[in-house]
Amino acid sequence: MTSFNLLNGATTAYFIAFWLLVAYAGLRRETLGRMGIVFTWVGLIVHAMGIGLRWYESYQLPGDVGHAPFANFYESVVFFGWAIVLAFLLLDLKLRRRVIGVFALPLALACMGYAQLSGRDAIEPLMPALRSRWLTYHVISCFLAYGAFTMSFCVSVMYLLKERSRNLAPQTAWWHGFIGLFPGRDTLDDVNYRAVAIGFPIWTVGIVTGAAWANYAWGRYWSWDPKETWSLIVWFIYAAFLHARLSRGWSGRATAWLAIGGFVATLFCYLGVNLLLPGLHSYGS
Amino acid sequence: MNFGNLSSLLANLWSGLRSLKLSLLTLFFLAGSSVLGTILPQKLSIAEYHQRLGPVATHLIRFLQLDDMYHSWWFVGLLGLFALNLAACTVHRLPGVWRQITRPNLTPSDRWLQNRPQFCEWRVAKSLEAMEHRLTETLRRRFSHVRRDTKEGTVWLFAQKQPWARLGAYVTHLAILIILLGGVVGSKGGFQGYVTIVEGHTVERLRLNDGQKDVSLGFGVRCDRFAVEYYADSDRPKEFRSLLTILEDGREVPGLVKVPVRVNHPLRYRGLTFYQSGYGVDAHLFRFRVKPRGGDPFELEVPSDRMVSLPDGTSLAVAGYLPDFEGRGPVAGLQFVSPDGRPGRAMAFYDPDLGAGRADAPYTFRLLSIDQRWYTGLQVSRDPGVPLVWLGCLLLVLGTLAAFYFSHQCVWLQLKPDGSGTCLRFAGQAHRHGESFGKRFANLCRDLQQSVSEELS
Ligand code: HEM
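Here is a short report on the structure shown in this document. None of these values were measured; they are calculated from a predicted model. (Residues numbered from 1 in each chain as written. Chains lettered and ligands numbered in written order. Predicted model: local features only at pLDDT ≥ 70, side-chain atom pairs only at ≥ 80, totals over all residues. Heavy atoms only, no water.)

### Here's the deal with the overall build of chain A
Link 1 in the chain: When its secondary structure is counted, chain A shows 9 helices and 0 strands.
Link 2 in the chain: Helices and strands appear in chain A in the N-to-C order α-α-α-α-α-α-α-α-α.
Link 3 in the chain: Relative to a compact globule of 285 residues, whose C-alpha radius of gyration would be 19 Å, chain A shows 20 Å and is just as compact.
Link 4 in the chain: With 285 residues in all, chain A has 58% of them scored as buried.
Link 5 in the chain: Summarising the internal contacts of chain A: among those between residues at least 6 apart in sequence, 80% fall at separations of at least 24.
Link 6 in the chain: For chain A, the exposed area adds up to about 11,600 Å²; of that, 66% sits on carbon and sulfur atoms.
Link 7 in the chain: Averaging the locations of the 21 positively and 13 negatively charged side chains of chain A gives two centres separated by 10 Å. (Helix = DSSP H or I, 4+ residues; strand = E, 2+ residues; numbered from the N terminus. Rg over C-alpha atoms; globule rule 2.2 N^0.38 Å. Buried < 20%, exposed > 50% of the residue type's maximum accessible area, 1.4 Å probe, protein only. Contact = heavy atoms within 4.5 Å. Areas by Shrake-Rupley, 256 points an atom, 1.4 Å probe, with all protein chains shown as cover. Lys, Arg positive; Asp, Glu negative; His and termini not counted. Charge placed at Lys NZ, Arg CZ, Asp CG, Glu CD.)

Here's what the structure looks like:
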């Protein structure tokens, strides 16, 4: 059993879970929803074992290349997927609205699919600049925040769908039933805020640990490198979100769109910067 | 302009400066312009912008200093406005919040109590005195400290939890100001530079990154050794390591001899930090075959940084070299001064087929070998703002955690004599997580009612 097999297993579990939840959304059978959640949990645990095994495997390789599995693009996207599923399941424990999985799991599946298609799953030795324990703290906090922001995105999309279908008069019974599974608009709005409020301090930790690491590695805690700048942009957007909502009373549609904007910036911070802009952070592609 | 106008203008300015609208606006502007800064390549020369983007864009870039946008007058101004806004808002709000925490309303009116998000009231056919102790104990189980006040026979009990959570927002704001201050201190009082030190050599000066200025370090840094370590069976570098020694007045400083400096493990000394950041090889000894015109050839060693005298008094130095000349091995450029003071130049090729100067030259040279030595490249920085920045970062993390993960919860219990019994009003509020506080409040309410009914039986 290798970590690669385990991660494939997790992907399969998410895949099954996703279709179970879609079936649940269509047929509204409780059992299907429950099974979907069970498969998601199984996937999460197998996924965690896969990441842990990869960590262990790296120490078994010759040449002292052992390191926490957050070093290259493959490893980071696998961890992103895990963070999304973790955030979704924690939300599910709180709300018990399985239908959110129909929105969250495709994002996790996209991560796992992207990882597998990238074909860069070999464990690579770390270049000297990455050999720092700050790397581990930095990556873990950034990706946990990504998970929370992803939930805020999912519930924002659901909010907008629900809102829109309220205003659109003729609907098929199926659509009506599907929307009926969503939490109420107030709950969606509240969860949106909560997810951002949970993610924001973690994201702050991510930026701070990144600055600390940069200070050790390059002698500057901030050099306006594109990745750093984008992480700040994301931070600004969510800070604006929180102030708009808490102190100026924005809610509903406005904050949903703001959260979607924040998530787009988050995705760009993660993917766009590496793929499109030059800088220190491009994972040596 | 009369005085009234001026003061109303100032008042307007102040309320604009502390407004949240301005914060949202600056936040969106900061985010937007940062996006621009990541898309537009930074720090190119004006000529390069001209070539890539044309004259109009170049004009705009020069005017708005977009070639170094994050240090342009308007971006720094935006950050300054942001800081002012933050400070103004904090100065305006903090006193009120501080008062609420330290001097809560201990004897609120009935109406105010009823308007709290959580409220319940009931009547017990028992005197106030008989119940007060029991109720206080029940509250104390959840809130360690219960305060009491009384007015005209009515008793109020008050308790709160995590009042400091209210300060989280202000700690966060203060943290941002401290970080910005740290950045200013760093850019005013610090510098960034780069040195290369050949193995065995000592440097005492530093070339600054911006401009061509050299500064004295005030001490010496010697590189004793530089090494690249590779992963086993691989050509991937694992570690770059310099052994550095600090010299004061030419003497080694005890404890700072052959200190290993690696990537992610810098060396600090007297406010300067040395970061391993580059390396290379440097030729330090050239070996030549020298043939005087009409004489017998002999071999000569020339160190890279010294003049060497030939038997006839000609002095000779290496001016420069190329490690490889068109695939035909290295070549060195020589400068010499003949005994009568006339300067001259010569080339020395490694490849014997390549020409060796004019026939009437006093000497011809051939390059036999070059001894090379590692040099290490060190990023050197002095940044007196760093402690402030770390303090700010710590406060930033603690502040945001306090603001969002904790909640300031208050409860009031009013006991009002009502005929032969007592009327109880219980109210509560939390500044966050109202829903879960509601559940806790309901439980507490039940406990209070129970404790009084036990008293009754
Ligand atoms: C990126 C920058 C900023 C960050 C990270 C930040 C962070 C926070 C946090 C964590 C809170 C707590 C949430 C709350 O209680 O509402 C807060 C509240 C607040 N912030 Fe900011 N803030 C920033 C900029 C600003 C600015 C520029 C202003 C200037 C007007 C401002 C005004 C306020 C106000 C009025 C509150 C409400 C305080 C209260 O509840 O008593 N913030 N901020």
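What follows picks up the thread again.
### Structural notes on the interface of chain A and chain B
Link 1 in the chain: Counting residues at the interface gives 52 residues for chain A, matched by 48 residues for chain B.
Link 2 in the chain: Roughly 4,200 Å² of surface becomes buried between chain A and chain B when both sides are summed, with 68% attributable to carbon and sulfur atoms.
Link 3 in the chain: On inspection of chain A and its partner chain B, the count reaches 0 salt bridges.
Link 4 in the chain: Applying the counting rule to chain A against chain B returns 4 residue pairs in polar contact (both at pLDDT 80 or more).
Link 5 in the chain: Residue assignment for the side of chain A that touches chain B shows that the elements contributing at least two residues are α7 (185-218) and α8 (226-246) of chain A.
Link 6 in the chain: Among the elements that line the side of chain A that touches chain B, the one with the most residues is α7 of chain A, at 18 residues. (Buried area = accessible area lost by both parts, 1.4 Å probe. Salt bridge = Lys/Arg side-chain N within 4 Å of Asp/Glu carboxyl O. Polar contact = N/O pair within 3.5 Å; in protein donor to acceptor, adjacent residues only side chain to side chain.)

### What to know about the coordination of the iron atom of the ligand
Link 1 in the chain: The coordination sphere of the iron atom of the ligand contains the protein donors His 243 of chain A (NE2) and His 173 of chain B (NE2), at a distance range of 1.8 to 1.9 Å.
Link 2 in the chain: A relative accessible area of 25% means that His 243 of chain A is categorised as partly exposed. (Donors = N, O, S within 2.8 Å, 3.2 Å for Na, K, Ca; no water.)

### Structural notes on the state of the cysteines
By definition, a disulfide links two cysteine residues through a covalent bond between their sulfur atoms.
Link 1 in the chain: If you walk through the whole model with that rule in mind, you get 1 disulfide over all chains.
Link 2 in the chain: The partner cysteine of Cys 120 of chain B in its disulfide is Cys 445 of chain B, sulfur to sulfur 2.3 Å. Taking the torsion about the S-S bond as the criterion, the Cys 120 of chain B to Cys 445 of chain B disulfide, at about 95 degrees, is right-handed. A residue pair is termed long-range when its members are at least 10 positions apart, and Cys 120 of chain B in strand β1 (residues 118-124) and Cys 445 of chain B in helix α10 (residues 434-456) qualify at 325 residues. The residues Cys 120 of chain B and Cys 445 of chain B share a single accessibility class, namely buried.
Link 3 in the chain: Here Cys 142 of chain A is not disulfide-linked; the sulfur of Cys 269 of chain A is the nearest cysteine sulfur, at 7.5 Å.
Link 4 in the chain: Classification of Cys 269 of chain A by relative accessible area gives buried; the value is 2%. (Disulfide = S-S within 2.5 Å.)

### Comments concerning the pairing of strand β17 (residues 363-382) of chain B
Residues and elements named next belong to chain B.
Link 1 in the chain: Pairing analysis gives 8 bridges linking strand β4 (residues 191-198) to β17, with the strands arranged antiparallel. Considered in β17, the bridge of Thr 196 is made with Gly 377.
Link 2 in the chain: Direction of pairing for strand β11 (residues 272-292) relative to β17: antiparallel, over a ladder of 18 bridges. Bridge pairing links Phe 274 to Val 380 in β17.
Link 3 in the chain: Pairing analysis gives 2 bridges linking strand β16 (residues 343-349) to β17, with the strands arranged parallel. Bridge assignment links Ala 348 to a residue of β17, and that residue is Phe 365. (Pairing = 2+ DSSP bridges.)

### A closer look at the site of the ligand
Link 1 in the chain: Every one of the 24 residues lining the ligand counts as a neighbour, but His 243 of chain A together with Ser 23, Tyr 170, His 173 and Arg 432 of chain B are closest to it.
Link 2 in the chain: The residues that come close to the ligand belong to more than one chain, namely chains A and B.
Link 3 in the chain: Contact between the ligand and His 173 of chain B: a nitrogen atom at 2.7 Å from a side-chain N or O atom of the residue.
Link 4 in the chain: For the shell around the ligand, the elements supplying multiple residues, two or more each, are α8 of chain A together with α2 (20-39), α5 (73-102), α8 (168-189) and α9 (386-405) of chain B.
Link 5 in the chain: The residue makeup of the shell around the ligand, split by class, is 14 nonpolar, 7 polar and 3 charged. (Near = heavy atom within 4 Å. Nonpolar A, V, L, I, M, F, W, Y, C, P; charged D, E, K, R; others polar.)

### Focus: empty space enclosed by the protein
Link 1 in the chain: Throughout the structure, instances matching the rule amount to 3 cavities of 30 Å³ or more.
Link 2 in the chain: For the largest cavity, the calculated volume is near 80 Å³.
Link 3 in the chain: Together, Arg 142, Phe 143, Lys 161, Gln 409, Val 411, Phe 437, Arg 440, Phe 441 and Leu 444 of chain B line the largest cavity.
Link 4 in the chain: Where the lining of the largest cavity is concerned, the elements lending two or more residues are β18 (409-418) and α10 of chain B.
Link 5 in the chain: Take the lining of the largest cavity: its biggest share by element is 4 residues, from α10 of chain B.
Link 6 in the chain: The class makeup of the residues in the lining of the largest cavity is 5 nonpolar, 1 polar and 3 charged.
Link 7 in the chain: A volume near 40 Å³ is recorded for the second largest cavity.
Link 8 in the chain: Contributing to the lining of the second largest cavity are Leu 7, Ile 51, Arg 54, Pro 69, Phe 70, Tyr 74, Glu 75, Val 78 and Phe 79 of chain A.
Link 9 in the chain: Mapped onto the lining of the second largest cavity, the elements with two or more residues apiece are α2 (30-60) and α3 (73-95) of chain A. (1 Å grid on protein atoms, 1.4 Å probe; cavity = no way out; pocket = protein on both sides within 12 Å on 5 of 7 lines; lining within 4 Å. Points joined across faces, edges and corners; volume = space filled by probe spheres on them.)

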